[in-house]
Amino acid sequence: MDKLRKKVFWVIFLILTIFTTSVFAAYNVQQYNRERVETVRNFTQIERFDKDEKSKIFFESAEGYKSTPPRMPDEKDIMKNIRYMDNVVYTVYLDDDNSISEIVNHSSDETTDEEIEEIAKTILEEGRDR
């Protein structure tokens, strides 16, 4: 009876371990793919912006078309200008008198509603100063 109890314990332990490991692995793969897609999207936007700016410089000038294209920067210069950016979106609903009525946090970080309210008040004050 004792052997059977040990075998049942180890089988249940093994099933739970495999299930937990597979859920953890699936979650990590999903998060990795999301981050990878976001990074690729950011780099694509950077490349598009860079190409648009170069074509404007090449084709538009006060004298008409330029005869020579601009010089390509060195790789050190390119890497110096690359910035990795992340954005966090908060939705803040305002009343008729511009007071905050509701806060919706769309981020996955641990920012509290009080911190978001302070950020929103700062932005509102900057908007009034203009």
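Now for a description of the structure that goes with this document. This is a predicted model, so every value here is computed, not measured.

A word on the packing of aromatic side chains
All chains considered together, the criterion is met by 3 aromatic pairs. Residues F9 and F13 carry aromatic rings whose centres are separated by 6.2 Å and whose planes lie at 15 degrees to one another, so their mutual orientation is stacked. Of this pair, F9 and F13 both sit in helix 1 (residues 2–59), 4 residues apart, which is roughly one turn of that helix. Ring centres 5.6 Å apart and planes at 90 degrees place the aromatic pair W10 and F13 in the edge-to-face group. Of the two residues, W10 and F13 are both situated in helix 1; the distance of 3 residues between them amounts to about one turn of the helix. Accessibility expressed as a relative area gives 43% for F13, which makes it partly exposed.

Comments concerning the pairing of strand 2 (residues 100–105)
Sheet topology note: the strand 1 (residues 90–94)/strand 2 ladder contains 5 bridges and is antiparallel. By the bridge assignment for strand 2, Y93 is matched with E102. The antiparallel pairing of strand 1 with strand 2 creates a hairpin that spans 5 residues between the two strands, and N98 there sits at a positive phi of about 60 degrees.

Some remarks on the pattern of salt bridges
In this structure the tally under the stated criterion is 3 salt bridges. A salt bridge links R34 to E38, with the shortest nitrogen-to-oxygen separation between them at 3.6 Å. One end of the pair, R34, and the other, E38, are both in helix 1, 4 residues apart, so they sit about a helical turn from each other. Classification of R34 as partly exposed rests on a relative accessible area of 39%. The class for E38 is partly exposed, based on a relative accessible area of 23%. Through salt bridges that share partners, R34, E35 and E38 make up one connected network.

Rules used throughout
Here the residue index of a chain counts from 1 through its sequence in written order. Per-residue local features of the predicted model are confined to residues with pLDDT of at least 70, and side-chain atom pairs are confined, for both listing and counting, to 80 or more; whole-chain, interface and lining totals are unaffected and use all residues. No hydrogens and no water enter the side-chain calculation; it runs on all heavy atoms of the structure. Note on ring pairs: Phe, Tyr and Trp rings are taken, using the six-membered ring of Trp, and paired if centres are within 6.5 Å. Classes follow the plane angle, with under 30 degrees stacked, over 60 edge-to-face and the rest tilted. Runs of H or I in DSSP of at least four residues are treated as helices and runs of E of at least two as strands, each being numbered from the N terminus. Burial classes follow relative accessibility: with a 1.4 Å probe on protein chains only, a residue under 20% of its type's maximum area counts as buried, one over 50% as exposed, and anything between as partly exposed. Only strands joined by at least two bridges in the DSSP assignment are considered to pair. We define a salt bridge as a contact between a side-chain nitrogen of Lys or Arg and a carboxyl oxygen of Asp or Glu at a distance within 4 Å.

Without other data, these values stay purely geometric and don't point to any function.
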